[in-house]
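Descriptive analysis of the structure
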Amino acid sequence: MSNDLGAVAAPPSRPPTGHHQPPESVSASTKVRPSTSIVERYALVGLLVLAFTLCAAFLPEFRSMGIVSAMINSQAIILLLALAATLALRTGDFDLAIPGVMVTSACVVAVMSTNGYSPAAVIPAALTVGLVVGLINALLVVKVGVDSFITTLGMFTALSGIGYAITGSKIITGVPDFYVELSRAKLLGLPMTTWYGWLLVAVLWFVYQRTPVGRYMLFIGGNRDAALLAGISVSRIRTVTYVVSGVTGALIGIILVGNLGAIDPAIGNQYLLAPFAATFLGATAITVGRFNAIGTLVAVYLLVVGITGLQLAGAASWVSPLFNGLALMIAVALAKLVGMRRGSVR
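Residues numbered from 1 in each chain as written. Predicted model: local features only at pLDDT ≥ 70, side-chain atom pairs only at ≥ 80, totals over all residues. Heavy atoms only, no water.

1. Points about the overall build of the protein
Assigned secondary structure in the protein consists of 15 helices and two strands. A burial count over the protein gives 53% of its 346 residues as buried. Sequence-distant contacts, at least 24 apart, represent 78% of the contacts inside the protein between residues at least 6 apart. Summing over all exposed atoms, the protein offers an accessible surface of approximately 15,100 Å²; the carbon and sulfur share of this is 69%. (Helix = DSSP H or I, 4+ residues; strand = E, 2+ residues; numbered from the N terminus. Buried < 20%, exposed > 50% of the residue type's maximum accessible area, 1.4 Å probe, protein only. Contact = heavy atoms within 4.5 Å. Areas by Shrake-Rupley, 256 points an atom, 1.4 Å probe, with all protein chains shown as cover.)

What follows is the structure in structure tokens.
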């Protein structure tokens, strides 16, 4: 898949430049094109403001800081997963295994910690799950050449079974306070889980916008052949991306089990659609046509405002998956239209 959903970088017109300095074509490809208007970049932000304003006008509950705080905090895990998903997507791959890594790692933490193991043993074991999954995904996708969507969807399914095996198909409760405090301790009135999400937004924004690695990822996702000609280590970067994605998923699992104080091995499916809906929707904002951190943040909050507003207005519980599914389809369609308008869809 093309990572920037339309803004495909052109092959360099000169010989390979090596690995030390990013080619000019790579740097240029990461800049917002002049044709990208302010309206395009901030339309999603405006839609979020409009949605919130309408909800506040017609639903008195929205005028409370309590509901705002609740919406923000409820989306912390979704935000973390959506941000993790941008890693592989930015290089032109999928990593649908992230929610599975999260739940499996959470199962490892819950089972080991409730059986008396210390954090010094539990946390490395949980992170190892993400590391191993990332390496397997990289081997199959990057080295063997299996389709990333099929590979990672299969891995997600396999991890669901592993989670059941680890927990004996039971909900594990009684997670030690260490993990609970790690997620629920408050800073300025907000739980640490929310702060972790915002911190990851800042880190990925910096990596994507201010580092050569971020530019290389964008270039690889746009045109791998051109990236190879430019001297970029395409296979290495894609491999590292899968490993980082897997370890990030494991970290989210540690946060999740502390946030819940327990783990149900069956909850993985609940976290599969919403993060990707937000990720693709976020690619239509800020850095239009490219997976980016700030756009993903805005998309996550737009989705929760819309869903919460509908639920408070009396909509049934099934409105959440319906809303997320429609948002994903609309986001991909909008991204396709952006690419067609720029004349870069091949």
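This is not the end of the story, as more comes after the structure.
2. Side note on the environment of Gly46
Within the secondary structure, Gly46 sits in helix α2 (residues 38-58). For Gly46, a relative accessible area of 38% puts it in the partly exposed group. Gly46 sits 256 residues away from Leu302 along the chain, and the two C-alpha atoms are 9.9 Å apart.

3. Examining the packing of aromatic side chains
Counted according to the given criterion, the structure contains six aromatic pairs. Ring plane angle 90° and centroid distance 5.3 Å describe the contact between Phe94 and Phe149, whose orientation is recorded as edge-to-face. Of this pair, Phe94 sits in the loop between α4 (76-90) and α5 (98-114) while Phe149 sits in helix α7 (residues 148-167), and the two are 55 residues apart along the sequence. The class for Phe149 is partly exposed, based on a relative accessible area of 36%. (Phe/Tyr/Trp six-rings, centres within 6.5 Å; stacked < 30°, edge-to-face > 60°.)

4. Description of helix α10 (residues 212-222)
Of all 11 residues in α10, nine are buried, a share of seventy percent or more. Along α10, the residues that are buried comprise Gly214, Arg215, Tyr216, Met217, Leu218, Phe219, Ile220, Gly221 and Gly222.

5. Examining the nonpolar core
If you look at the biggest cluster of nonpolar residues, it comprises 87 residues, and the most contacted ones within it are Ile77 and Ile263. If you tally residues by element for this core, the top one is α4, at 11 residues. Not counting chain neighbours up to four residues away, the residues in contact with Ile263 comprise Val103, Ala106, Cys107, Ala110, Lys170, Ile171, Ile172, Leu256 and Val257. (Core = buried A, V, L, I, M, F, W, Y, C linked by side-chain atoms within 4.5 Å.)

6. A few points about helix α3 (residues 65-74)
Residues of α3 that are buried include every one of Ile67, Val68 and Met71, and no others. Each buried residue of α3 sits inside an arc of 105° when the element is viewed along its axis, so together they form one side. (Arc of directions from axis to C-beta.)

7. Describing the packing of α5 against helix α6 (residues 119-144)
With their axes 9 Å apart at the nearest point, α5 and α6 run at an angle of 155° to one another. As summarised for this structure, α5 and α6 are arranged roughly antiparallel, according to the angle between their axes. The element α5 and its partner α6 pack so that their crossing is right-handed. The segment α5 lies against α6, with Val101, Thr104, Ser105, Val108, Val109, Met112 and Ser113 engaging Ala121, Val122, Ala125, Ala126, Val129, Gly130 and Val133. Among the residues making up the contact of α5 with α6, the classes are represented as 10 nonpolar, four polar and no charged. (Axes fitted to C-alpha atoms, helices over the stretch in contact; angles between N-to-C directions. Parallel < 35°, antiparallel > 145°, perpendicular 65-115°, else oblique. Left-handed = near helix turned anticlockwise from the far one by under 90°. Nonpolar A, V, L, I, M, F, W, Y, C, P; charged D, E, K, R; others polar.)

8. Section: the packing of helix α8 (residues 177-184) against helix α9 (residues 192-210)
At their nearest, the axes of α8 and α9 sit 5 Å apart, and the two run at 60° to each other. Relative to α9, α8 is oriented oblique. Together, Leu182, Ser183 and Arg184 of α8 and Met192, Thr193 and Tyr196 of α9 make up the contact between the two elements. For the contact of α8 with α9, a count of residues per class yields three nonpolar, two polar and one charged.

9. Some details on the pattern of salt bridges
Within this structure, the stated rule accounts for two salt bridges. For Asp93, the salt bridge is made with Arg224, and the minimal N-O distance between the two is 2.8 Å. Here Arg224 lies in helix α11 (residues 224-229) and Asp93 lies in the loop between α4 and α5, a separation of 131 residues in the sequence. Looking at Asp93, the relative accessible area reads 3%, which means it is buried. (Salt bridge = Lys/Arg side-chain N within 4 Å of Asp/Glu carboxyl O.)

10. Brief notes about the side chain of Thr193
Topologically, Thr193 is positioned in helix α9. For Thr193, a relative accessible area of 2% corresponds to the buried category. Polar side-chain contacts of Thr193 include one of 3.0 Å to the backbone oxygen of Ser183. When neighbours within four sequence positions are excluded, Thr193 is seen to be in contact with Ala76, Ile77, Leu80, Ser183, Ile255 and Asn259. (Polar contact = N/O pair within 3.5 Å; in protein donor to acceptor, adjacent residues only side chain to side chain.)

11. Thoughts on a nonpolar patch on the surface
The grouping of Val132, Ile136, Leu139, Leu140, Val144 and Val146 at the surface amounts to a nonpolar patch, some 450 Å² of accessible area in total. As for its placement among the helices and strands, Ile136 is situated in helix α6. Of the residues examined, Ile136 reaches a relative accessible area of 34% and is grouped as partly exposed. (Patch = residues over 30% accessible without salt bridge, like charges linked within 9 Å, V, L, I, M, F, W, Y side chains within 5 Å.)

12. Digging into the side chain of Thr86
In this fold, Thr86 is placed in helix α4. With a relative accessible area of 0%, Thr86 lands in the buried category. Separated by 2.7 Å, the side chains of Thr86 and Tyr208 make a polar contact. When residues no more than four places from it in sequence are discounted, the contact partners of Thr86 are Leu204, Tyr208, Thr279, Phe291 and Thr296.

By themselves, these observations are geometric and do not establish any function.
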